[in-house]
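Structural features, examined
Spelled out, the chains give:
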Amino acid sequence: MVSLTPFRVPIVPELRKSTILSLISKGLRVEERDLYTPRLVKIETGVIERAEGSAQVTLGKTKVLVGVKVDVGSPFKDTPDEGVVAVNAEFVPVASPMFEPGPPDENAIELARVIDRSIRETNAVDRKSLVIIPGLKVWVVHVDIYVLNYDGNLFDASMLATMAALIDTRLPDYEELETGEIIIKEGEKKTPLKINKLVTTVNIAKIGDYLIVDPNLDEETVADTRIVVAYDHEGNIVGVQKTGPGSMTREEVLKAIDIGARAARVYFKSLQEALGDRLPVKIG
């Protein structure tokens, strides 16, 4: 998956860009980290009482909240033996002066699409386990992403929060009537969502001739281009998305994939530390 989506960014003074580039050329960054190390990650689950699953992730100063709700619906006609996972993203205006009220713009749509593809194309959520009555009734899993504070790199924060929220999700008990109607038993949530794989993204920005992992807002603003690479917990590349103008050479893309893999291991370790025994798969 490769596409180009413009992003509303403020005009950056050349002095700021020169300062950032000067630091990066020395292997340094404002947060006193190296070029390939993500910012500090904090993951909390169970933060929305009425949701079937939820998580909040803080990545540096970027903060994202994800809530998961489930209801009964019909399967898609071309996949009658699978449930449905739907991802939506909302940029809350108080999170950044760049976010405006109203329906999701192309950037929110792109974010939701990257997360959706990363989950769907890897079968991270076992959609066959969401079937209630084959061909007729399935669980529909709604994943809602809310950006609470924007300081760069919404992709990685949102993917981590989505993964943690899905692991936190419990399907409610239900009763099937003789008519075929499904009645959800309110307040009873016992069955964990079946997770086949863990997935994370790594956002890599190109600034001048340098590649950096997990750009903050200033770094995103001055970046020539960015590439978002998705990995599963086994180290496989499961998606690539180019975002913003500019280009990368083949060698830069290969280098981005390599340094991204190292950062992905850091993110998976953060999931492991936050979820402990609830982690559905073993991370090598």
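Report on the accompanying structure.

What counts, and where the lines are drawn
Residues numbered from 1 in each chain as written. Predicted model: local features only at pLDDT ≥ 70, side-chain atom pairs only at ≥ 80, totals over all residues. Heavy atoms only, no water. Helix = DSSP H or I, 4+ residues; strand = E, 2+ residues; numbered from the N terminus. Buried < 20%, exposed > 50% of the residue type's maximum accessible area, 1.4 Å probe, protein only. Contact = heavy atoms within 4.5 Å. Pairing = 2+ DSSP bridges. Expected span 1.5 Å × (residues − 1). Axes fitted to C-alpha atoms, helices over the stretch in contact; angles between N-to-C directions.

**Details of the side chain of Thr58**
Structurally, Thr58 can be placed in strand β2 (residues 53–59). Owing to a relative accessible area of 16%, Thr58 belongs among the buried residues under this scheme. Apart from residues no more than four positions distant in its own chain, Thr58 is found in contact with Leu40, Val41, Lys42 and Lys63.

**A closer look at unusual backbone geometry**
Notably, Asn123 is not glycine yet its phi reads approximately 55 degrees, a positive angle. Along the chain, Asn123 turns up in the loop between α2 (106–120) and β5 (131–133). Although it is not a glycine, Asp214 sits at a positive phi angle of roughly 50 degrees. Within the secondary structure, Asp214 sits in the loop between β10 (210–213) and α4 (217–222). Under the relative-accessibility criterion, Asp214 is labelled buried at 0%.

**What about the pairing of β10?**
Bridge count for strand β9 (residues 199–207) against β10 is four bridges, and the pairing is antiparallel. Within the sheet, the bridge partner assigned to Ala205 lies in β10 and is Ile212. Hairpin remark: β9 followed by β10, antiparallel, with two residues in the connecting loop; positive phi at Gly208, about 65 degrees.

**Re helix α3 (residues 154–168)**
Given 3.6 residues per turn, any residue in an α-helix points the same way as the ones three and four places further on. An ideal rise of 1.5 Å per residue puts 21 Å on 15 residues; α3 measures up with 21 Å between its terminal C-alpha atoms. In terms of burial, α3 is a largely internal element, 15 of the 15 residues being buried.

**Thoughts on the sheet that holds β10**
Read from one edge to the other, the open sheet built from four strands follows the order β10-β9-β11-β12, with strand pairing classed as antiparallel. Across the chains shown, the open sheet's two edge strands, defined by having one partner strand only, are β10 and β12 (237–243). Strand after strand, the sheet turns through a mean of 25 degrees between neighbouring axes, direction not considered. The pairing of strand β11 (residues 225–232) with β12 spans six bridges and is classified as antiparallel. Within the sheet, the bridge partner assigned to Tyr231 lies in β12 and is Ile237. Relative to β9, α3 is tilted by about 175 degrees, and along the sheet it contacts β9, β11 and β12. Across the sheet, helix α5 (residues 250–275) lies against β9, β10, β11 and β12, angled at about 135 degrees from β9, the strand it touches most.

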